[in-house]
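Below, each chain spelled out in residue letters.
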Amino acid sequence: MYNGNKLSPVLKGVLVAGFLFLYLPIVSLIVYSFNASKLVTVWGGFSTRWYVSLFHNEQILSAVGLSIRIALASATAAVVLGTVAGFVLARFKRFRGSTLFAGMMTAPMVMPEVITGLSMLLLFISMQQLFGQPSERGFFTIWVGHTTLCMAYVAVVVRSRLIEIDKTLEDAAMDLGARPLKIFFVITLPLISQAIASGFLLSITLSLDDLVTTAFLSGPGSTTLPQVIFSKVRLGLNPEINALATITVLIVGIMVVAANYLMLNAQRNREKAIAAAMRENENAQAGPPSSAVSSASA
Amino acid sequence: MMEAVAAAAPVQTGVQAHNTPYLQISGIFKKFGDNVAVDHVDLDIRQHEIFALLGSSGCGKSTLLRMLAGMERPTSGRIVLDGQDITHLAPYDRPINMMFQSYALFPHMSVEQNIAFGLKQDKLPKGEIESRVAEMLDLVQMRKYAHRKPYQLSGGQQQRVALARSLAKRPKLLLLDEPLGALDKKLRQQTQLELVNTLEKVGVTCIMVTHDQEEAMTMATRIGIMSEGQLLQVGTPGEIYDYPNCRFTAEFIGETNLLTGMVSVDEPDHVEIDVPELEGRIWIDHGITGPKGMQVWTSIRPEDVRLDRKPPATPGVNSARGTVVEIAYLGSYSVYHVRLPSGKVIKSMVPSSRWYEAGEEAPTWDETVYVSWRPDLPVVMTR
């Protein structure tokens, strides 16, 4: 914040306009989800009927279930593979092809999803012709596609955290008798756990709202939530979708607030503990200065 | 060879005859690409010794320490500890522990868990681990803080925890990498003594690496001077200071006046060196093992240089005339910088009581004075 430098009315106006542009559609979506009228643009009084009908819509419910299962499965796989890749990128000395490896790791992030999706589709089709597996496109193929995408993000997050961590911690653990694999699980993993957690959450959101890759990799009977929404909206605006979107916003909102609260709380406790330790040290140093030496020799 | 080493040698061999070396480093050589980091170092360490590797940054001392810890593999050479060849042993299999400069305390573990970490790797029984951790906490007086996390401790406390952790496994050899480098100066001097006390109480064999000569002189029983990957001189703090064997050591340890000259008279009982910078000679009352005409360097410590107003009895020998260009008053003594006609500046450390006792005023800037020294004090070096 600028001290004594108030925002001019023009800047304020720009700011408000920007926020309205971003959030007005979402607000109107939430408001219209409680609309009694079937027409999306006409207000017909308050009602929760779309929520009731949403929970009776088998198609949407199964899509939600599939999306959540795929998101959890891809996030899990992405965290395992991405952590290993991030560790190699951050900790291994330069090896033959390390630049190529780093480039290929991050390629899914920058590659147009249409290309990734199409090439995977072609791969799965030729695999089916050659080995008969995977026999159809569905959960498995979408899972592979999402994992590929999410893994890149996890690798980047984990790598940057690992670079921050003092490598001598791992040296010290080895010096004290721990073998490399043990060091990874007992020292490195706890220290990067926050990065892994945020990689996991990031993967879930990426997988939940991915439409393009999914469109290439899904088959009959495996329709994810974004696909359902997209196809429904193409047939005309539907108040049920508004209700679904409102629930999604609510859940995401609660998760973000909870995560922030937990992090702030942890930070506050930490600061309190540091402050307490500092006070004690000051008290200790105010005592006789020679106490430590004399008691050590005693 | 020169006199200085000849004088120092009997002391060393005398002690070593009783103690076979506990740690033997022979012909250790390490190359990083085309850079030689450690150049054929031979070093014997006795049991219960606190040995300091002293040198400026990049001299190879840290690389040598990391090779002892197993973190780096030597290009060639052998390391034998207590009869066991450990050259190619992995760090986690060596009976050696290290205290890191940054302490490297595990941030997600309490003080207690940090100290227990090494013991757990050895799969000791639980009761044994607990009693050893308690013993270590008492040793460094950190029992009160057993459940604290490292970030809740001050720098000095972290240092003590790091020490306790590296001693917990009762290593045969303890490595200390700049043990007090992360502390501020005031705390460092107090901690030096505390650390030596603890190490002596435990009786562990120690090798420490430092760039601080005061720290090395205070803490170590013997010092090894390193420069550009080579171990130049090994000796007790006294030997290193009084009998430097090369120019680097003479200038690195304490202050000195270095004079370049040529041997003009080489007799068994005395030597004369022509020094152009003095426009005179240095006369030394003992022989050196160097031929006539050889180029040598002479080191004279500032505290050995006497300052007078009157010309000395033997002008041109072990003395010179000059003018005072700089005076640093340091309380109990002053350091005078005297410029000779050749432009060479000789430093002389004069006790403040000197003038008072002589009933004179202390010399002041631009005054003409004479510097001189006793014939037994200069140290002659051939490299």
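Looking at an unreviewed UniProt entry, one finds chain B named Spermidine/putrescine import ATP-binding protein PotA and attributed to Gulbenkiania indica. For chain B, the Subunit (unreviewed entry) comment in UniProt is given as "The complex is composed of two ATP-binding proteins (PotA), two transmembrane proteins (PotB and PotC) and a solute-binding protein (PotD)." One UniProt comment on chain B, placed under Catalytic activity (unreviewed entry), says "ATP + H2O + polyamine-[polyamine-binding protein]Side 1 = ADP + phosphate + polyamineSide 2 + [polyamine-binding protein]Side 1."

As recorded in an unreviewed UniProt entry, chain A goes by the name ABC-type spermidine/putrescine transport system, permease component II, listed as coming from Gulbenkiania indica. A UniProt comment under Subcellular location (unreviewed entry) is attached to chain A, and it reads "Cell membrane". Recorded under Sequence similarities (unreviewed entry), the UniProt text for chain A is reproduced unchanged: "Belongs to the binding-protein-dependent transport system permease family. CysTW subfamily."

S.K.: When you look at the domain arrangement of chain A in this model, what are you seeing that I'm missing?
M.R.: By a widely used convention, the size of an interface equals the accessible area lost when the partners come together. Residue and element names in this part refer to chain A. The assigned domain composition of chain A is domain 1 (13–47) and domain 2 (57–259). Put simply, the middle of domain 1 and the middle of domain 2, counted by C-alpha atoms, are 32 Å apart. Taken residue by residue, the interface counts 8 residues in domain 1 and 7 residues in domain 2. Looking at the side of domain 1 that touches domain 2 residue by residue, the classes come out as 5 nonpolar, 2 polar and 1 charged.

S.K.: Help me understand the interface of chain B and chain A in this model?
M.R.: Counting from both sides, the interface comprises 26 residues of chain B and, opposite them, 23 residues of chain A. Going through the elements one at a time, strand E6 (96–99), helix H3 (111–121) and helix H6 (185–202) of chain B are the ones with two or more residues in the side of chain B that touches chain A. Top element by residues in the side of chain B that touches chain A is H6(B). It accounts for 5 residues. Residue classes in the side of chain B that touches chain A are distributed as 12 nonpolar, 11 polar and 3 charged.

S.K.: I would appreciate a short explanation of the environment of A:Leu244 in the present structure.
M.R.: Residues and elements named next belong to chain A. Relative to the helices and strands, Leu244 resides in helix H12 (residues 239–286). The class of Leu244 is buried, set by 23 C-beta atoms lying within 10 Å. Taking C-alpha positions, Leu244 is 49 Å from Phe95, a pair spaced 149 residues apart along the chain. Among all residues touching Leu244, those that are not within four sequence positions of it are Leu54 and Ile60.

S.K.: Explanation requested: the packing of H3(B) against helix H5 (residues 155–167) of chain B in the structure shown.
M.R.: In a pair of packed helices, the angle between the axes and the distance between the axes together describe the arrangement. Residues and elements named next belong to chain B. The interhelical angle for the contact between H3 and H5, taken along N-to-C directions, is 25 degrees, at an axis separation of 7 Å. By the criterion of interaxial angle, the relationship of H3 to H5 is roughly parallel. For the pair H3 and H5, the crossing hand works out as right-handed. The residues of H5 that touch H3, namely those facing Val111, Asn114, Ile115, Phe117 and Gly118, are Val161, Ala164 and Arg165.

S.K.: Explain the domain arrangement of chain B here, please?
M.R.: Residue and element names in this part refer to chain B. Segmentation of chain B into domains returns domain 1 (3–95 + 171–250) and domain 2 (255–381). Here domain 1 and domain 2 have C-alpha centroids that lie 34 Å from each other. In this assembly, 8 residues from domain 1 lie in contact with 9 residues from domain 2. Mapped by element, the contributors of at least two residues to the side of domain 1 that touches domain 2 are helix H1 (3–16) and helix H9 (247–252). The residue inventory of the side of domain 1 that touches domain 2, partitioned by class, reads 5 nonpolar, 1 polar and 2 charged.

S.K.: I tried to follow the nonpolar core on my own but got confused; where do I start?
M.R.: For soluble globular proteins, the rule of thumb is that nonpolar side chains tend to be buried together. In this structure, B:Ala52, B:Leu68, B:Ala164, B:Leu175, B:Cys206, B:Ile207 and B:Met208 are the most contacted members of the largest nonpolar core, which totals 80 residues. Other than its neighbours up to four places away in sequence, B:Cys206 contacts B:Ile50, B:Phe51, B:Leu174, B:Leu176 and B:Leu199. In this structure, A:Leu54, A:Ala155, A:Val157 and A:Ala243 belong to the second largest nonpolar core, which totals 37 residues.

S.K.: Looking at this structure, I do not really get the sheet that holds strand E19 (residues 368–372) of chain B. What am I missing?
M.R.: Think of a sheet as strands paired side by side through backbone hydrogen bonds, with each pair either parallel or antiparallel. Residues and elements named next belong to chain B. Pairing within the open sheet is antiparallel, and its 5 strands lie in the order E15-E19-E16-E17-E18. One side of each edge strand has no neighbouring strand; the edge strands of this open sheet are strand E15 (306–308) and strand E18 (345–351). Averaged over all pairs of adjacent strands, the angle between strand axes in this sheet comes to 45 degrees, irrespective of strand direction. Looking at chain direction, strand E16 (residues 319–329) and E19 are connected through 5 bridges and run antiparallel. Residue pairing for E19: Ser319 is matched across the bridge by Ser372.

S.K.: Can you help me understand the sheet that holds strand E4 (residues 76–81) of chain B in this one?
M.R.: Residue and element names in this part refer to chain B. One open sheet holds the 4 strands; their spatial order is E2-E1-E4-E5, and the pairing between them is antiparallel. Either end of the sheet is taken by a strand with one partner, and the two such strands are strand E2 (35–45) and strand E5 (84–85). One ladder, built from 7 bridges, connects strand E1 (residues 23–32) with E2; its direction is antiparallel. When the sheet's bridge partners are listed, Phe32 is paired in E2 with Asn35.

S.K.: Teacher, can you tell me more about the pairing of E19(B) here?
M.R.: A regular strand carries its side chains on alternate faces of the sheet. Of the pairings in the sheet, the one linking E15(B) to E19(B) comprises 3 bridges and is antiparallel in character. Paired with B:Arg306 across the two strands is B:Ser372, which belongs to E19(B).

S.K.: I would appreciate a short explanation of the UniProt feature "domain: ABC transporter" (unreviewed entry) in chain B in the present structure.
M.R.: Taking the numbering used here, the UniProt-annotated feature "domain: ABC transporter" (unreviewed entry) corresponds to residues 23–253 of chain B. Secondary structure content for residues 23–253 of chain B is 36% helix and 26% strand, while the C-alpha to C-alpha distance between its ends is 26 Å.

S.K.: Where do I start with the confidence of the model for chain A in this structure?
M.R.: Caution applies to low-pLDDT parts of the model: their predicted coordinates are not meant to be read in detail. Residue and element names in this part refer to chain A. Across chain A, pLDDT averages 83, with 92% of residues at or above 70. The element-level mean pLDDT for chain A is lowest in helix H13 (residues 291–297), coming to 38, with helix H7 (residues 168–175) highest at 93. Low pLDDT, under 50, characterises residues 287–298; the predicted model gives this stretch 10 contacts beyond four residues in sequence or across chains.

S.K.: What exactly am I supposed to notice about the UniProt feature "transmembrane region" (unreviewed entry) in chain A here?
M.R.: Residues and elements named next belong to chain A. The UniProt record marks residues 12–34, 60–89, 101–127, 139–162, 183–208 and 241–262 with the feature "transmembrane region" (unreviewed entry), using the residue numbering of this structure. The distance from the first to the last C-alpha atom of residues 183–208 is 34 Å, and the span holds 96% helix and 0% strand. With 100% helix and 0% strand, the stretch residues 241–262 has end C-alpha atoms that lie 32 Å from each other.

Parameters and conventions
- Here the residue numbering is sequential within each chain, running from 1 through the sequence in written order.
- Note on labels: chains are lettered from A, ligands numbered from 1, in written order.
- Restriction of local features to residues with pLDDT of at least 70 applies here, the model being predicted, together with a cutoff of 80 or more for giving and counting side-chain atom pairs; totals for whole chains, interfaces and linings are based on all residues.
- UniProt positions are given in the numbering used here, feature names are shortened, and annotations may be inferred rather than shown by experiment.
- The domain limits used here are those given by an automatic or database domain assignment.
- Two residues form a contact once the distance between their C-beta atoms, set from the backbone, is within 7 Å.
- Residue type decides the class: Asp, Glu, Lys and Arg count as charged, Ala, Val, Leu, Ile, Met, Phe, Trp, Tyr, Cys and Pro as nonpolar, and the leftover types, Gly among them, as polar.
- The way it works is that DSSP assigns letters per residue, a run of H or I at least four long becomes a helix, a run of E at least two long becomes a strand, and they are numbered from the N terminus.
- Whether a residue is buried, exposed or partly exposed follows from its count of other C-beta atoms within 10 Å of its own C-beta, namely 20 or more, 12 or fewer, or something in between, respectively; the C-beta atoms are built from the backbone.
- Axis lines are fitted through C-alpha atoms, for helices just across the contact stretch, and the angle between N-to-C directions can take any value from 0 to 180 degrees.
- Roughly parallel means an angle under 35 degrees; roughly antiparallel means over 145; roughly perpendicular covers 65 to 115; every other angle is labelled oblique.
- Here is the rule for handedness: rotate from the far helix to the near one, and if that takes an anticlockwise turn smaller than a right angle the crossing is left-handed, while a clockwise turn gives right-handed.
- Here, a nonpolar core denotes buried Ala, Val, Leu, Ile, Met, Phe, Trp, Tyr and Cys residues that are linked to one another through C-beta atoms within 7 Å.
- Two strands pair under a simple rule: DSSP has to find at least two bridges between them.
- Note on scores: pLDDT gives the predictor's confidence for each residue, bounded by 0 and 100.

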